[in-house]
Amino acid sequence: MGRREQARQDKERRIREAALTLFLEKGYEQTTTKEIAEAADVATGTLFLYVQDKPELLALIFQERISAAVDKAFARLPGHRPLIDQLLHVFGALFDVYRPMPDLAREFVKAQFFVRGGKMFDESTRFRDSFQARMIPLFEAEQAAGRLGTDYPAPFVARMAFSLYFNALSAWLHGAADFKTARTSLLRSFLEIQMRGLAPVRKGNPS
């Protein structure tokens, strides 16, 4: 790695750490980009070479954590367990990224999913597509084994499962359920209903 790239990564790290510290101390809305630049020891103009606004600062904080958590979850996937347990394993890894800082997680998720357009929205869309692509083989294996119906293609079923995860996550972030309930029993119930509805139709023997 050249010196220029090392310097770039060092500045990005300082910006990310300064933003996280100030967001936790002062709150997301109360923190200004000028304060973050000063805490990171960079010029405000330099800060905007790395991010366009505060939502992108949230992306700097969360995306690295999310990527590492997802890679680790799929690397340690309990393939010997039922499909729902495998899904709870990977979705639970996402829950665990957000758990230490729910207020920031709420802002991050809102910016990701509800503010259309812009760099952050595009990156979040790419993440969802990539994450769902990694789930598709799990559903294809269930279909091949006859434990899941084939009326709906695996990519569609994976998108549906992600939507159920998002609903459980939103229930926690907006106070409708506590963390443990949302991460385990609520998400499991959602997925069980989905799997039940997608179960293959068993034809009875002719009388």
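Above this text you will find the structure in question.
These lines cover the structure that appears in this document, whether it is placed above or below. Note that this is a predicted model, so its numbers are computed, not measured.

Attention shifts here to the packing of aromatic side chains. Under the definition given, this model contains 15 aromatic pairs. Relative to Phe108, the ring of Phe62 has its centre 4.7 Å away and its plane inclined at 20°; by these criteria the two rings are stacked. Here Phe108 lies in helix H6 (residues 102-114) and Phe62 lies in helix H4 (residues 54-75), a separation of 46 residues in the sequence. By relative accessible area, which is 0% here, Phe62 ends up buried. Considering the side-chain rings of Phe74 and Phe131, the 5.9 Å spacing of their centres and the 70° angle between planes classify their relative orientation as edge-to-face.

Our focus in this paragraph is the nonpolar core. One finds Phe62, Phe91, Tyr98, Phe139 and Tyr165 to be the most contacted residues of the largest nonpolar core, which totals 67 residues. A per-element tally of this core places helix H8 (residues 154-173) first, with 13 residues. Excluding residues within four positions of it along the chain, Phe91 makes contact with Phe131, Met135, Ala161, Phe162, Tyr165, Leu187 and Leu191.

With that settled, consider the packing of H4 against helix H5 (residues 83-98). Orientation of H4 relative to H5, taken along the N-to-C sense of each, is 150°, at an axis distance of 9 Å. Taken together, the axis directions place H4 and H5 in an arrangement best described as roughly antiparallel. Where H4 crosses over H5, the two elements pack in a sense that is right-handed. Contact residues: Phe62, Arg65, Ile66, Ala69, Val70, Ala73 and Phe74 in H4; His89, Val90, Ala93, Leu94, Val97 and Tyr98 in H5. Across the contact of H4 with H5, the residue classes break down as 11 nonpolar, one polar and one charged.

By secondary structure assignment, the location of Glu107 is in helix H6. Residues within four places of Glu107 in sequence aside, it is in contact with Tyr28, Glu29 and Leu58.

Another point: the pattern of salt bridges. Inspection of every chain in the model, using the stated rule, returns 15 salt bridges. Among the salt bridges present, the one from Arg183 reaches Asp96, with a minimum N-O distance of 2.9 Å. Of this pair, Arg183 sits in helix H9 (residues 179-197) while Asp96 sits in helix H5, and the two are 87 residues apart along the sequence. Assessed through its relative accessible area of 23%, Arg183 is described here as partly exposed.

With that out of the way, let us pick up H4. Its 22 residues give H4 an end-to-end C-alpha distance of 32 Å, which sits within 8% of 32 Å, the value for a rise of 1.5 Å per residue. A maximum bend of about 30° is found in H4 at Phe62. The backbone nitrogen of Glu56 has a side-chain oxygen 3.1 Å away, supplied by the residue at the start of H4, namely Asp53.

Scoring rules and cut-offs
Residues numbered from 1 in each chain as written. Predicted model: local features only at pLDDT ≥ 70, side-chain atom pairs only at ≥ 80, totals over all residues. Heavy atoms only, no water. Phe/Tyr/Trp six-rings, centres within 6.5 Å; stacked < 30°, edge-to-face > 60°. Helix = DSSP H or I, 4+ residues; strand = E, 2+ residues; numbered from the N terminus. Buried < 20%, exposed > 50% of the residue type's maximum accessible area, 1.4 Å probe, protein only. Core = buried A, V, L, I, M, F, W, Y, C linked by side-chain atoms within 4.5 Å. Contact = heavy atoms within 4.5 Å. Axes fitted to C-alpha atoms, helices over the stretch in contact; angles between N-to-C directions. Parallel < 35°, antiparallel > 145°, perpendicular 65-115°, else oblique. Left-handed = near helix turned anticlockwise from the far one by under 90°. Nonpolar A, V, L, I, M, F, W, Y, C, P; charged D, E, K, R; others polar. Salt bridge = Lys/Arg side-chain N within 4 Å of Asp/Glu carboxyl O. Expected span 1.5 Å × (residues − 1). Bend = angle between axes of the 7 residues up to and from the residue. Polar contact = N/O pair within 3.5 Å; in protein donor to acceptor, adjacent residues only side chain to side chain.

Shape descriptors only; they carry no functional weight alone.
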